[in-house]
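# Observations on the three-dimensional arrangement
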Amino acid sequence: MTITPLPLPKEVFGIEEPMKIDGLEIFDHKNKEYNPIPEKQKFLCARDFTEAYSARRITPTQVCEKLIDNINQSCSEACDPPLYGMYQYHQDDIMAQAEASTTRYIQEQSLGPLDGVPVAIKDELDVEGYETQLGTSFFNRGNPASRDAFLIKKLKDQGAIIIGKTNMGFGITTSNPNMHITRNPYNSDHYCGGSSGGSACVVSSGLCPIAIGCDAGGSIRIPSSFCGIYGLKPTYGRISSTGDFQLCNSVGVAGPMAACVDDLALTYYAVAGQDAEDPKTLFQPSPTLHGIHHTNTLSDLKIGIFSEWNKQVVDPAITYALQTFINEFKLRGAEFIEIDIPELEDARIAHLITVTSEFCTTMNGYKKYLHLLSPLNIVNIATYNNMNASDYIKAQHVRTRMMRNISVIFSGVNLILTPTCAITAPPICPRALKYSGIGEIDSSVTSNGMMYTHLANFIGIPAITIPAGYNDKDLPIGLQFMAKWYDEAMLLRIAKASEEILGCKRRKPSEKYWFGDLL
């Protein structure tokens, strides 16, 4: 059987160049499609910052002075217990970026809708002057990056203020024996998800409106779901991996996490596109945001649901939220079609083999440090080092079949809707507080957390998670949409409609863990 490589040219999937390229101009302040929700539910978004700067109500310098104080508080015993969303942050660098942005606004030379907006970065991507440690105690210690990752440079070109690195861990909880356990702002006794948990935490707690995560099996979508924010895993090859220390090269991709859909969209558009240093990016059609605000009617959309798969959730509140949104989408004209996705269990196992094989291959170059990893990852490496090349090749055969299966499904639907996870944020295991990473050995948390997210990584399609309500413990619930290769605009459109549906029912965390008072 032929092994299908990733990424594939767009023509393989019948994808053509978009007829209309809508980009950052749709976020011009002259566009008055802006309906802020009441203050007590409000998450600050990029537009709130840039409008305040343009109106001279506040400067980026003043914002970042307060932001640094808030970061310090969120990571100190003054916030009992600390959230520990941020890991590395250089105050002098933050202020230098803020002062440069302030000067641009004074001179009326703003670089665009991200100028002066704080953005946090997962500790997997190179940021000049920072060590890319990947949440460990041994990667790049004493060796700060000499240049920015490609997507970081693109953010800086737009004037975004990079406020530092967020905590991460290898797994879905960000229970990190080398740093700290990052806690969920909605309930500090629960995990925030992972491995981009720090990025989800800082957005959810209001420290910044946007963060960058990386996703090889759900690591953007799982923490975004657990923390009640929006997260986009782009098509594999859509965003450059230059300067991204990917541990799982054939499935991992960086993407935005944000408090609102517009911020998710503008960040995605700002960082997507071709990079001459990354051949994976050269196959794609031009990124576009065309149609993302066309939400009054969804009558042109066919949404696939695999009911038997969707029923496998642990928390019944997730099923209730899913059905509520289905009903709302129907009211807007969307058509729902029952689908069947064959070989899902085979795909889950094949994805696991692929991810762990690539992870182990990377980590085998650091054998003398392996004892410093979490117990779960030590067990995984010991187990999966017993696999051979034949196992990996068979897994890629499954990948080929799944890509063909899903391609057929997308010939009849625009989107596939599932829960993001089968669970809400799990409670932090008491042993994890005492022994850190040991609490993540519960395999059911991992399997239930990744139940719906692994497929998009395995076959390279884009996927998005949207906040969809809360359970009886006030923990956020997320729903996931998947689209065909390179159709991020479709995902952003349905996310925008979902944002309108949730509306004022969306809640901020408690005041104790809310740091969004920046303006």
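Model, not experiment: these values are computed from the prediction.

## With respect to the overall build of the chain
- Looking only at helices and strands, the chain has 16 helices and 13 strands in total.
- For the chain, the C-alpha radius of gyration of 21 Å lies close to 24 Å, the compact-globule estimate for 519 residues.
- Residues classed as buried in the chain amount to 63% of the 519 residues present.
- The contacts of the chain with a sequence gap of at least 6 include a subset with a gap of at least 24, amounting to 79%.
- Carbon together with sulfur atoms contributes 52% to the accessible area of the chain, which is approximately 19,400 Å² in total.
- The chain carries 45 positive and 56 negative side-chain charges, and their two centres are separated by 2 Å.

## With respect to the state of the cysteines
- The final tally for this structure, using the stated rule, is 0 disulfides.
- Here Cys504 is not cross-linked by a disulfide; its sulfur's nearest cysteine counterpart is in Cys45, at 13 Å.

## Some details on the side chain of Ser498
- Turning to its location among the elements, Ser498 is positioned in helix H16 (residues 488-502).
- In contact with Ser498, other than residues within four places in its own chain, are Phe325, Phe329, Ile466 and Phe481.

## Notes on the nonpolar core
- Grouped together as the largest cluster of nonpolar side chains are 139 residues, with contacts concentrated most on Leu155, Phe329, Ile341 and Phe481.
- At 9 residues, the largest contribution of residues to this core is made by H16.
- Grouped together as the second largest cluster of nonpolar side chains are 17 residues, Leu134, Met168, Val355 and Cys360 included.

## Topic: the layout of surface pockets
- A volume near 870 Å³ is recorded for the largest pocket.
- Lining the largest pocket we find 39 residues, and of these Gly171, Leu352, Val355, Thr446 and Met450 sit closest to its centre.
- When contributions to the lining of the largest pocket are tallied by element, the ones reaching two or more residues are strand E6 (210-215), helix H10 (344-363), helix H11 (375-384) and helix H14 (443-450).
- Residue contributions to the lining of the largest pocket peak at 6 residues, all from H10.
- When the residues that make up the lining of the largest pocket are grouped by side-chain class, the tally is 17 nonpolar, 17 polar and 5 charged.

## Describing empty space enclosed by the protein
- By the definition in use, this model includes 4 cavities of 30 Å³ or more.
- Quantified by volume, the largest cavity comes out at close to 80 Å³.
- Leu134, Gly135, Thr136, Gly169, Phe170, Ser175, Asn176, Pro177, Asn178, Leu373, Ser374 and Asn377 are the residues that line the largest cavity.
- Of the residues belonging to the lining of the largest cavity, the class tally is 4 nonpolar, 8 polar and no charged.
- Computed from the structure, the second largest cavity encloses a volume of approximately 50 Å³.

## Focus: helix H1 (residues 46-54)
- With 7 of its 9 residues buried, H1 lies for the most part within the structure.
- When H1 is considered as a whole, its buried residues turn out to be Ala46, Arg47, Asp48, Phe49, Thr50, Ala52 and Tyr53.
- Positive backbone phi, at 65°, marks Arg56, one or two positions downstream of H1.

## Structural notes on the pairing of E6
- Burial analysis of E6 places 6 of its 6 residues in the buried class, which makes it a mostly covered element.
- Burial along E6 is two-sided: the face carrying Ile210, Ile212 and Cys214 and the face carrying Ala211, Gly213 and Asp215 are both buried.
- In this sheet, E6 lies alongside strand E2 (residues 118-122) in parallel orientation, the contact comprising 3 bridges. Counted as the bridge partner of Ala120 is Ala211 from E6.

## Some words on the packing of helix H9 (residues 316-331) against H16
- Two elements in contact, H9 and H16, have axes whose closest approach is 11 Å; the angle formed by their N-to-C orientations is 105°. The pairing of H9 with H16 is recorded here as roughly perpendicular in orientation. On H16, the residues touching Phe325, Glu328 and Phe329 of H9 are Ile494, Ala497, Ser498, Ile501 and Leu502.
- When the residues that make up the contact of H9 with H16 are grouped by side-chain class, the tally is 6 nonpolar, 1 polar and 1 charged.

## Digging into the side chain of Thr182
- Within the fold, Thr182 resides in the loop between strand E3 (161-166) and strand E4 (183-184).
- In terms of polar contacts, Thr182 uses its side chain to reach the side chain of Asn167, at 2.9 Å.

## Focus on unusual backbone geometry
- With an omega of 0°, the peptide bond between Asp80 and Pro81 qualifies as cis.
- The residue Pro81 is located in the loop between helix H2 (60-74) and strand E1 (86-88) in this model.
- Here the amide bond leading from Gly194 into Ser195 is cis, since omega sits at 10°, within 30 degrees of zero.
- Inspection of the secondary structure assignment puts Ser195 in the loop between strand E5 (187-191) and helix H5 (197-204).
- At Tyr84, a residue that is not glycine, the phi angle is positive and equals roughly 60°.
- Its place among the elements puts Tyr84 in the loop between H2 and E1.
- Exposure remark for Tyr84: the relative accessible area of 17% places this residue in the buried category.

Cut-offs applied
- Residues numbered from 1 in each chain as written.
- Predicted model: local features only at pLDDT ≥ 70, side-chain atom pairs only at ≥ 80, totals over all residues.
- Heavy atoms only, no water.
- Helix = DSSP H or I, 4+ residues; strand = E, 2+ residues; numbered from the N terminus.
- Rg over C-alpha atoms; globule rule 2.2 N^0.38 Å.
- Buried < 20%, exposed > 50% of the residue type's maximum accessible area, 1.4 Å probe, protein only.
- Contact = heavy atoms within 4.5 Å.
- Areas by Shrake-Rupley, 256 points an atom, 1.4 Å probe, with all protein chains shown as cover.
- Lys, Arg positive; Asp, Glu negative; His and termini not counted.
- Charge placed at Lys NZ, Arg CZ, Asp CG, Glu CD.
- Disulfide = S-S within 2.5 Å.
- Core = buried A, V, L, I, M, F, W, Y, C linked by side-chain atoms within 4.5 Å.
- 1 Å grid on protein atoms, 1.4 Å probe; cavity = no way out; pocket = protein on both sides within 12 Å on 5 of 7 lines; lining within 4 Å.
- Points joined across faces, edges and corners; volume = space filled by probe spheres on them.
- Nonpolar A, V, L, I, M, F, W, Y, C, P; charged D, E, K, R; others polar.
- Pairing = 2+ DSSP bridges.
- Axes fitted to C-alpha atoms, helices over the stretch in contact; angles between N-to-C directions.
- Parallel < 35°, antiparallel > 145°, perpendicular 65-115°, else oblique.
- Polar contact = N/O pair within 3.5 Å; in protein donor to acceptor, adjacent residues only side chain to side chain.

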